[in-house]
Amino acid sequence: SNLESNGIFLNSINNTEVRNCVIQNYGFGINIYRSFNNNIDMNYISDSEDAGIVLRFSSTNFIVDNQIIENHHGVSVGLSNDNQFEDNNVSKNYIGIFLEEASSNNKIRDNDIFDNNQHGILVDSAHNNFIKKNIINDNRCGVLLSKSNNNTLEDNVVYENSDSGFYLDLSS
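Here's a quick rundown of the structure.

Conventions adopted
- Residues numbered from 1 in each chain as written.
- Predicted model: local features only at pLDDT ≥ 70, side-chain atom pairs only at ≥ 80, totals over all residues.
- Heavy atoms only, no water.
- Salt bridge = Lys/Arg side-chain N within 4 Å of Asp/Glu carboxyl O.
- Helix = DSSP H or I, 4+ residues; strand = E, 2+ residues; numbered from the N terminus.
- Buried < 20%, exposed > 50% of the residue type's maximum accessible area, 1.4 Å probe, protein only.
- Pairing = 2+ DSSP bridges.
- Axes fitted to C-alpha atoms, helices over the stretch in contact; angles between N-to-C directions.
- Core = buried A, V, L, I, M, F, W, Y, C linked by side-chain atoms within 4.5 Å.
- Contact = heavy atoms within 4.5 Å.

**What to know about the pattern of salt bridges**
Throughout the structure, instances matching the rule amount to nine salt bridges. As a salt-bridge pair, Asp 41 and Arg 19 come within 2.9 Å of each other at their nearest N and O atoms. Separated by 22 residues along the polypeptide, Asp 41 in strand β5 (residues 39-41) and Arg 19 in strand β2 (residues 17-19) bring together distant segments of the chain. Look at Arg 19 and you get partly exposed, because its relative accessible area is 42%. With its nearest N and O atoms 2.7 Å apart, the salt bridge here joins Arg 140 to Asp 163. Of this pair, Arg 140 sits in the loop between β18 (135-137) and β19 (141-146) while Asp 163 sits in the loop between β21 (157-159) and β22 (164-169), and the two are 23 residues apart along the sequence.

Below, the structure is given as structure tokens:
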């Protein structure tokens, strides 16, 4: 594969469902760009060179019940708000879920996030996000917040991460 390839590319696509797909060996498994109100559910996404699911400039999407396994980033979210990530298996990636670039009001809940090489969840310069009721284990760092404020972490089960469960750097 090459870094620029997409398994599925939603470019300015709204109100669509991507369901029951097997997506392997692309740069991006599912690339969601300037797209709104889409349901991404029950997909198997693996071996993406960049990210299993990437959102840029995209809001109010529902990412539910996917297997996101053995990608560089499992889920990468930038400049995107009000998305929901629920009931996903995010495992064996380099980084599980990466929120960055001022992404806000995203809800990450009830996910199993484990066995990722570095961070289960990395929040970098992203604010006002909700991280609730996830099981986060066997990563290097469970949840790392860097330069990120007003994020809510609640009722997560975090254990057996090799370096730290929660690490806050210039964050609240």
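After that view, the rundown keeps rolling.
**With respect to the sheet that holds β18**
Taken in spatial order, the seven strands line up as β3-β6-β9-β12-β15-β18-β21 in an open sheet, and their pairing is parallel. The sheet is open, and its two borders are formed by β3 (22-24) and β21, each paired with just one other strand. Along the sheet, successive strands turn relative to each other by an average axial angle of 5°, direction set aside.

**Notes on the sheet that holds β2**
Taken together, seven strands build an open sheet; the order of strands is β2-β5-β8-β11-β14-β17-β20 and the sheet is parallel. Lying at the two open borders of the sheet, with one neighbouring strand each, are β2 and β20 (152-154). Across the sheet, the axes of successive neighbouring strands diverge by a mean angle of 5°, strand direction being ignored. With three bridges connecting them, strand β14 (residues 107-109) and strand β17 (residues 130-132) associate as parallel partners. Paired with Arg 109 across the strands is Lys 132, a residue of β17.

**Brief notes about the nonpolar core**
Judged by nonpolar contacts, the single largest core of 26 residues is most densely connected at Ile 30, Ile 32, Ile 40, Ile 53 and Ile 121. Elements represented by at least two residues in this core include exactly β4 (28-33), β7 (51-56), β10 (73-78), β13 (95-100), β16 (119-124) and β19. Beyond its immediate sequence surroundings of up to four residues, Ile 32 is in contact with Leu 10, Ile 40, Ile 53, Val 54, Leu 55, Arg 56, Ser 58, Asn 61 and Ile 63. One finds Ile 95, Phe 98, Leu 122 and Cys 141 within the second-largest nonpolar core, a separate group that totals five residues.

**Comments concerning the environment of Asn 14**
Summarising the element assignment, Asn 14 is placed in the loop between β1 (6-11) and β2. Owing to a relative accessible area of 38%, Asn 14 belongs among the partly exposed residues under this scheme. Each C-alpha atom, one on Asn 14 and one on Ser 59, is 10.0 Å from the other, the two residues being 45 residues apart in sequence.

**What about the pairing of β13?**
Most of β13 sits inside the fold, with six of its six residues counted as buried. Two elements, β10 and β13, share five bridges in a ladder whose sense is parallel. The residue of β13 that forms the bridge with Gly 78 is Glu 100. Inspection of the sheet shows β13 paired to β16 by four bridges, in the parallel sense. Counterpart to Glu 100 in the pairing with β16 is Asp 124.

Geometric values such as these leave the question of function open.
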